[in-house]
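# Observations on the three-dimensional arrangement
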Amino acid sequence: MNLKLYKPLCVFDLETTGTNIGKDRIVEICILKVNPDGSRESKTWIVNPEMPIPESSSLIHGIYNKDVADSPTFREIAPKVMEMIKDSDLGGFNSNRFDIPVLAEEMLRADIDFDLSKHRFVDAQTIFFKKEPRNLSAAYQFYCGKTLENAHSAEADVMATFEVLDAQVGKYDDVPNEIAELSDFSSQNRFADLAGMIHFDDNDQEIFAFGKYKGQKVKDVFQKDLGYYGWLQNADFPLYTKKIFTKIQLKSRF
């Protein structure tokens, strides 16, 4: 294994009802936990999303409404998912922009306070796009010399993603093999939230990336316009973004 791990790395993949981070739900989750000694364990859950799965999504991942009818909801499996990932860093393919934000939303819906500051994120897709702009199937062929069978199956995708990530570390001299440095290398932008609605300025202060206060410090806006905070909490924003707004609002009082 080319990766140098000091804590477990959980590589995971989600299949969902769609691509809206705030509204769509998980229908399948697979987690591959790789320990520093190289040992591995994996777990896959089929999940009842408690909403209809659009046919357009089913045609991609092959999971239909009848397949999830008797499956547990995410709330039911959330403690098991949390137990598996709580002491780990998180990895995936396009995970920084999709899988991690969706997972955070589902955790918050399940009343689990998912503190992302306790994890580092490594996105194999970002590294791949920096080094060899393609997709997961092409990455698997390029780095591993294999054809990805059953693409868009969570288990097939997560196994391929780990092999790609490990091969990337072995291939490039300038790609670090430790998670802390690899997390920085695979990051494209620095956001305070997961949806990219709150950025950091040059002084590491949270600023709005949208709306009438775009570019202004969030805490300053909340001090002068507390009603805007109330509007944000009632608007259609992801739960994790609202959580960050609340954290900043509480700090802005002092």
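Residues numbered from 1 in each chain as written. Predicted model: local features only at pLDDT ≥ 70, side-chain atom pairs only at ≥ 80, totals over all residues. Heavy atoms only, no water.

### Quick word on the side chain of Ser-186
Selection rule: Per the convention used, a helix needs a DSSP run of H or I reaching at least four residues, while a strand needs a run of E reaching at least two, with both numbered from the N terminus. The definition of a polar contact used here is a pair of N or O atoms within 3.5 Å, where within protein one atom must be able to donate a hydrogen and the other to accept one, and adjacent residues in sequence count solely through side-chain atom pairs. Every residue pair with non-hydrogen atoms within 4.5 Å of one another is taken to be in contact.
The topology assignment puts Ser-186 in the loop between α8 (179-185) and β6 (198-200). A polar contact is formed between the side chain of Ser-186 and the backbone oxygen of Ser-183, at a distance of 3.3 Å. Ignoring sequence-local partners within four residues, the contact set of Ser-186 consists of Asn-96, Phe-121, Val-122, Asp-123, Thr-126 and Ile-127.

### Description of the pairing of strand β1 (residues 9-16)
A regular strand places its side chains on the two faces of the sheet in alternate fashion. The condition is simple: Throughout, exposure labels follow a simple rule: accessible area from a 1.4 Å probe, protein chains only, divided by the maximum for the residue type, with under 20% read as buried, over 50% as exposed, and the rest as partly exposed. The pairing criterion is simple: DSSP has to find at least two bridges between the two strands.
Extensive coverage of β1 is indicated by the burial of eight of its eight residues. Both faces of β1 are covered, namely the face carrying Leu-9, Val-11, Asp-13 and Glu-15 and the face carrying Cys-10, Phe-12, Leu-14 and Thr-16. Here β1 pairs with strand β2 (residues 26-34) via eight bridges, running antiparallel. Each bridged residue has a counterpart across the sheet, and for Thr-16 the counterpart in β2 is Ile-26. Judged from the three bridges that link them, β1 and strand β4 (residues 89-92) form a sheet pairing that is parallel. Looking at β4, one finds that Leu-9 is bridged to Asp-89.

### Examining the sheet that holds strand β5 (residues 121-123)
Here is the rule: In this analysis, axes come from line fits to C-alpha atoms, helices being fitted only over the stretch in contact, and the angle between any two N-to-C directions falls in the range 0 to 180 degrees.
What the five strands build is an open sheet, ordered β3-β2-β1-β4-β5; its pairing is mixed. With partners counted over all chains shown, the strands left at the sheet margins are β3 (40-46) and β5, one partner each. In this sheet, neighbouring strand axes are inclined to one another by 20° on average, regardless of whether the strands run parallel or antiparallel. Note that β2 and β3 share seven bridges and pair antiparallel. Opposite Val-34, over in β3, you have Arg-40 as the bridge partner. In this fold helix α4 (residues 95-109) packs onto β1, β2, β4 and β5, with an angle of close to 80° to the strand it touches most, β1. Those strands touched by helix α7 (residues 154-171) are β1, β2, β3, β4 and β5, and its axis lies near 145° from that of β1.

### A short note on the packing of aromatic side chains
How we decide: Here the aromatic set is Phe, Tyr and Trp, taking the six-membered ring for Trp, and pairing holds for ring centres within 6.5 Å; pairs whose planes are under 30 degrees apart are stacked, those over 60 apart are edge-to-face, and all others are tilted. The rule is short: NZ of Lys or CZ of Arg within 6 Å of the ring centre and within 35 degrees of the ring normal puts a charge over the ring.
Within this structure, the stated rule accounts for 16 aromatic pairs. Consider the rings of Phe-208 and Phe-222, whose centres lie 6.1 Å apart with planes at 80°: the pair is edge-to-face. Of this pair, Phe-208 sits in strand β7 (residues 206-208) while Phe-222 sits in helix α9 (residues 218-224), and the two are 14 residues apart along the sequence. Residue classification places Phe-208 among the buried residues on the basis of a relative accessible area of 1%. With relative accessibility at 2%, the residue Phe-222 sits in the buried group. Judged by centre distance (5.5 Å) and plane angle (70°), the rings of Phe-208 and Tyr-228 are edge-to-face. With Phe-208 in strand β7 and Tyr-228 in helix α10 (residues 226-234), this pair connects stretches of sequence that are 20 residues apart. Residue classification places Tyr-228 among the buried positions, given a relative accessible area of 7%. An aromatic cluster is built from Phe-208, Phe-210, Tyr-213, Phe-222, Tyr-228, Tyr-229, Trp-231, Phe-237 and Phe-245, whose rings are joined through pairwise contacts. When the ring centre of Phe-185 is taken as origin, the NZ or CZ atom of Lys-130, which lies over that ring, is 4.9 Å away. Sitting above the plane of the Tyr-172 ring, Lys-131 keeps its charged end 4.7 Å from the centroid.

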